[in-house]
Amino acid sequence: MRYYVMTLFPELITKGMNTGVLWRAMEQGLISLDCFHIRGYTKNKHKRVDDYTYGGGAGMLMACQPIWDTYLAVQERIRERAAAEGRSPGRKRLIYLTPQGRVFDQAFAEELSKEQELIFLCGHYEGVDERILEEIVTDNVSIGDYVLTGGELPALVMMDSISRLIPGVLNNDESAEDESFNEGVLEYPQYTRPDEWMGKRVPDVLLSGHHAKVLEWRREQSLKRTAERRPDLLADQTGK
Ligand code: 6GU
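Conventions we followed
- Residues numbered from 1 in each chain as written.
- Predicted model: local features only at pLDDT ≥ 70, side-chain atom pairs only at ≥ 80, totals over all residues.
- Heavy atoms only, no water.
- Helix = DSSP H or I, 4+ residues; strand = E, 2+ residues; numbered from the N terminus.
- Rg over C-alpha atoms; globule rule 2.2 N^0.38 Å.
- Buried < 20%, exposed > 50% of the residue type's maximum accessible area, 1.4 Å probe, protein only.
- Contact = heavy atoms within 4.5 Å.
- Areas by Shrake-Rupley, 256 points an atom, 1.4 Å probe, with all protein chains shown as cover.
- Core = buried A, V, L, I, M, F, W, Y, C linked by side-chain atoms within 4.5 Å.
- Pairing = 2+ DSSP bridges.
- Axes fitted to C-alpha atoms, helices over the stretch in contact; angles between N-to-C directions.
- Polar contact = N/O pair within 3.5 Å; in protein donor to acceptor, adjacent residues only side chain to side chain.
- Near = heavy atom within 4 Å.

**Student:** Describe the overall build of the chain, listing the residues and the values that go with them.
**Tutor:** On a plain count of helices and strands, the chain comes out with nine helices and nine strands. A compact globule built from 240 residues would reach a C-alpha radius of gyration of about 18 Å, whereas the chain, at 22 Å, exceeds it by more than 25%. Structurally, the chain occupies a C-alpha span of about 70 × 45 × 40 Å along its principal axes. For the chain, the proportion of its 240 residues judged to be buried stands at 40%. Put simply, of all contacts in the chain between residues at least 6 apart along the chain, 74% involve residues at least 24 apart. Carbon together with sulfur atoms contributes 51% to the accessible area of the chain, which is approximately 14,500 Å² in total.

This is the structure:
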């Protein structure tokens, strides 16, 4: 997976990706990150990337030109890469991070993890000129119903959840499967040693060595927890 990120805060993106599991995945060549600093592509002599909105109103908009030229640089990089590897550049989805987008979820992460490359456009200020969005964006994506100051954290959230689905990124192949959301329910409670801590004992069934009973207990706990904390997930399932 190759990520290309168009942003005004490239250091935020690179720092966010240079830790833990994602850093290791980059070292192993399982994922790669190319950041493109939009300010580096503005033709404005004061390096401005934003301007006033037609029709008035508060706030500034990111203008078309700097984003378009950044986009051309991304396309150029993708073409060079493909040529060097002797393949034709594939279909490229360009994701614009916006609270007005489709809400990101696990199924969407799984869909995107099958792509070979993804381009992210992180917006700032009050938004982006609609014309550049019409020209280049294939997917408008939000990470939830709240408003953030820019698209960088959402892009990191998406790259984190997509990357961990790529084969080899997680150590244990199983760990991406048996977890919250994969069967549409939350994960059961888990315990490690000691078997008693502050007077609280690990449930006996988990110490029993009785595998079938352990599975049954976990299934019950998953359903109970989902009913208590996320009843909407159970309602979703009956609706399917
Ligand atoms: Cl993708 N962008 C911004 N600015 N705010 C958000 C968001 C995205 N998703 C949720 N809130």
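**Student:** A description of the nonpolar core should follow, citing residues and the corresponding values.
**Tutor:** If you look at soluble globular proteins, the nonpolar side chains tend to sit buried side by side. Within the largest apolar cluster, 29 residues are counted, with the highest numbers of intra-cluster contacts made by Tyr3, Phe120, Met158 and Met159. Ranked by the residues each element gives to this core, the list is headed by helix α6 (residues 152-163), at five residues. When residues no more than four places from it in sequence are discounted, the contact partners of Phe120 are Tyr3, Tyr4, Val5, Met6, Ile95, Leu97, Ala155, Met158 and Met159. In this structure, Ile67, Ala73, Ile78 and Leu133 belong to the second largest nonpolar core, which totals 21 residues.

**Student:** Account for the sheet that holds strand β2 (residues 32-37), with residues named and values stated.
**Tutor:** The strand order β2-β1-β6-β5-β7 describes an open sheet built from five strands, whose pairing is parallel. Whereas interior strands pair on both sides, the edge strands pair on one side only; in this sheet they are β2 and β7 (139-142). Neighbouring strand axes in the sheet, compared pairwise and without regard to direction, differ in orientation by 30 degrees on average. Across five bridges, the pairing between strand β5 (residues 93-103) and β7 is parallel. Pairing of Val103 across the sheet is with Ser142, part of β7. Running at roughly 165 degrees to strand β1 (residues 2-7), helix α3 (residues 64-84) makes contact with β1, β2, β5 and β6 (117-122) of the sheet. Along the sheet, α6 contacts β1, β2, β5, β6 and β7; its crossing angle with β6, the most-contacted strand, is approximately 160 degrees.

**Student:** Which residues make up the side chain of Thr7, and what values go with them?
**Tutor:** Positionally, Thr7 belongs in strand β1. Polar side-chain contacts of Thr7 include one of 2.5 Å to the side chain of Glu152. Apart from the residues lying within four places of it in its own chain, the contact partners of Thr7 are Ile13, Phe36, His37, Ile38, Cys122 and Glu152.

**Student:** Talk me through the site of the ligand; I want residue IDs and the actual numbers.
**Tutor:** Around the ligand sit Leu97, Thr98, Pro99, Val141, Ser142, Ile143, Gly144, Tyr146, Leu148, Gly150 and Pro154, and those are all the residues in its vicinity. One nitrogen or oxygen atom from the main chain of Ile143 is found 2.9 Å from a nitrogen atom belonging to the ligand. Within the backbone of Tyr146, a nitrogen or oxygen atom sits 2.5 Å from a nitrogen atom of the ligand. Surface burial for the ligand is 96%, taken as the share of its 290 Å² of free accessible area covered by protein chains. Of all the elements in the fold, those that place two or more residues in the shell around the ligand are β5 and β7. No other element matches β5, which puts three residues into the shell around the ligand.

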